[in-house]
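Summary of structural features
Each chain, letter by letter, is given below.
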Amino acid sequence: MGATDRACVCFNSFVSIMRAALVGVDFGHSDFAASMEELMLLSRSAGADPISTIAAKRSSPDSAYFVGSGKADEIGDAVVNDKLEIVIFNHALSPAQQRNLEKRLNVRVLDRTSLILDIFAQRAKSHEGKLQVELAQLQHLATRLIRGWTHLERQKGGIGLRGPGETQLETDRRLIGDRVKALRTRLEKLHKQRETQRRARGRNHTFSVSLVGYTNAGKSTLFNAVTKAGVYVADQLFATLDTTSRRVYLGQEVGNVVISDTVGFVRELPHQLVAAFRATLEETIHADLLLHVVDASSPVRMEQIEQVNLVLKEIGADHIPQILVWNKIDAAGLEPSIERDEYATISRVFVSAQKGSGLDLLREAIVEMAKNAPGSAHLYQDGEAQQQDQYSQHEHDQQHDGAAPDRAAEPDQDDRFSTHSQVGTR
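Residues numbered from 1 in each chain as written. Predicted model: local features only at pLDDT ≥ 70, side-chain atom pairs only at ≥ 80, totals over all residues. Heavy atoms only, no water.

Bringing the sheet that holds strand 2 (residues 48–57) into the picture now. If you trace the 4 strands from one edge of the open sheet to the other, you get 2-1-3-4, paired in parallel fashion. Strand pairing shows two members of the sheet lacking a second neighbour, strand 2 and strand 4 (108–110), which therefore form its edges. Sheet twist, expressed as the average angle between the axes of neighbouring strands with direction ignored, equals 25°. As defined by bridge partners, strand 1 (residues 18–26) adjoins strand 3 (residues 86–89) across 4 bridges and the pair is classed as parallel. Considered in strand 3, the bridge of Val23 is made with Phe89. In the packing of helix 3 (residues 69–81) onto the sheet, the strands contacted are strand 1, strand 2 and strand 3, and the crossing angle to strand 2 comes to about 160°. (Pairing = 2+ DSSP bridges. Helix = DSSP H or I, 4+ residues; strand = E, 2+ residues; numbered from the N terminus. Axes fitted to C-alpha atoms, helices over the stretch in contact; angles between N-to-C directions. Contact = heavy atoms within 4.5 Å.)

A few words now on the environment of Val294. Structurally, the position occupied by Val294 is in strand 8 (residues 289–295). With relative accessibility at 3%, the residue Val294 sits in the buried group. Once the C-alpha coordinates of Val294 and Trp326 are considered, the two residues, 32 residues apart in sequence, prove to be 4.9 Å apart. (Buried < 20%, exposed > 50% of the residue type's maximum accessible area, 1.4 Å probe, protein only.)

Right, let's talk about the confidence of the model for the protein chain for a bit. Low-pLDDT stretches of the model should not have their predicted coordinates read in fine detail. Of the residues in the protein chain, 70% reach a pLDDT of 70 or more, and the chain-wide mean stands at 76. Low pLDDT, under 50, characterises residues 1–15; the stretch is placed with 38 contacts to residues that sit more than four places away or in other chains. Here residues 147–162 is modelled with pLDDT under 50, and outside its nearest four sequence neighbours on either side it reaches 19 contacts, counting other chains as well. (pLDDT = per-residue confidence, 0-100.)

Ranked by size, the top nonpolar core spans 36 residues in total, and within it Ile88, Phe265 and Leu312 carry the most contacts. For this core, the secondary structure elements donating two or more residues are strand 1, helix 2 (32–46), strand 3, helix 5 (112–123) and helix 11 (301–314). Of all the elements, helix 2 adds the most residues to this core, at 6 residues. With residues near it in sequence (within four places) discarded, Leu312 still touches Val212, Phe265, Thr284, Leu290, Ala317, Asp318 and Gln322. Judged by nonpolar contacts, the second largest core, of 31 residues, contains Phe223, Val351, Leu359 and Ala373. (Core = buried A, V, L, I, M, F, W, Y, C linked by side-chain atoms within 4.5 Å.)

With that settled, consider helix 4 (residues 95–105). All buried positions along helix 4 are accounted for by Gln97, Gln98, Leu101 and Leu105. In a view along the axis of helix 4, the buried residues occupy a sector of 100°, so they form one face of it. Of the residues trailing helix 4, Asn106 is marked for its positive phi of about 60°. (Arc of directions from axis to C-beta.)

Look at helix 11: 20 Å from first C-alpha to last across 14 residues, which is about the 20 Å you get at 1.5 Å a residue. Those residues of helix 11 not exposed but buried are Gln304, Ile305, Val308, Val311 and Leu312. Seen along its axis, helix 11 keeps its buried residues to an arc of 125°; they face one direction. Of the exposed residues in helix 11, the ones pointing more than 90 degrees away from its buried face are Met302 and Lys313. Where helix 11 ends, the next residue or the one after it, Gly316, has phi of about 80°, a positive value. (Expected span 1.5 Å × (residues − 1).)

Next comes the structure, spelled out in structure tokens:
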């Protein structure tokens, strides 16, 4: 079995529902309870059935088992008594800690990073999404290679005993390295295609808007409500992975704008995923406006806002103008409205994407930001802009639902090694 084959086996973990134990260690952080609740949602999104939840308090992780030997025995008892098939940690485990736990517990052990990678592998549907997920998986797998077969256990000498010149682990590392290089080449090709599309939109003076936010905040529901795009939505984490863009006509003042729905963020998002999905997240980096969608009904919404802003800073998008869109106001008992800061700039818009409340206010906010964007004031005053508005109106009349796809170039379909599947974000 080759390295890439083992990667598929490793991460397609939840073919059927597995009985799981969730393990979290409280290091004194205030959001521990919310983090454990999120782990439960993540495990269910992956297809696991959380039977037991085991918590511990420590000042620092144990070097061998992360939780200490006593707590490891407690987890082992739960595995036997509850007939558990997998143990999921709410933390990133070192390769040695993961191996030690699996030997002691005699069941599979996943950490938070592996769990999120598994969900992404299940949800990736587009060509680019599959490439990005496979790249992140292989980068994660490269740190966890173990001996899986022994006929090339060591290089041997003598007649009839000479090996092929490299050990099994060296072969696996070389194969993974070759595949990673090939994936990066394909993703670079897709990056150039996106740059071509982006330059074309720039020449047409098209204002671009990206929806960002914590996973399950309602981004795709809002995207569908504004664009009539019909993107998949579900009440689960990471329902959407692919970036979807649509043109929307917002009147003669600004004409068409491009609105993009992006992958949701989560606390402690694996760095491999941030790096692998950089091509997808470039729609966020190059946007003229970010609509930061917030679940207004969540008790930890402020922490979620902070986590999203941290990822935006990591990908270099923290300088882009941003409007906080407080979604699900029907569940929070709030009314549709617009709030402005001390400079009279729109800072927050309160909407319910599911009920359709406040969507007219959101469109007004996008129009105002587009008109006030640096370098755009002249676009709607000269003859060229009027011609563009007339063309936009004609195109709008031809679109019964008010939205048209922002079509991308066809990707290279020759992907014999990409075996994972994918989805869309709520």
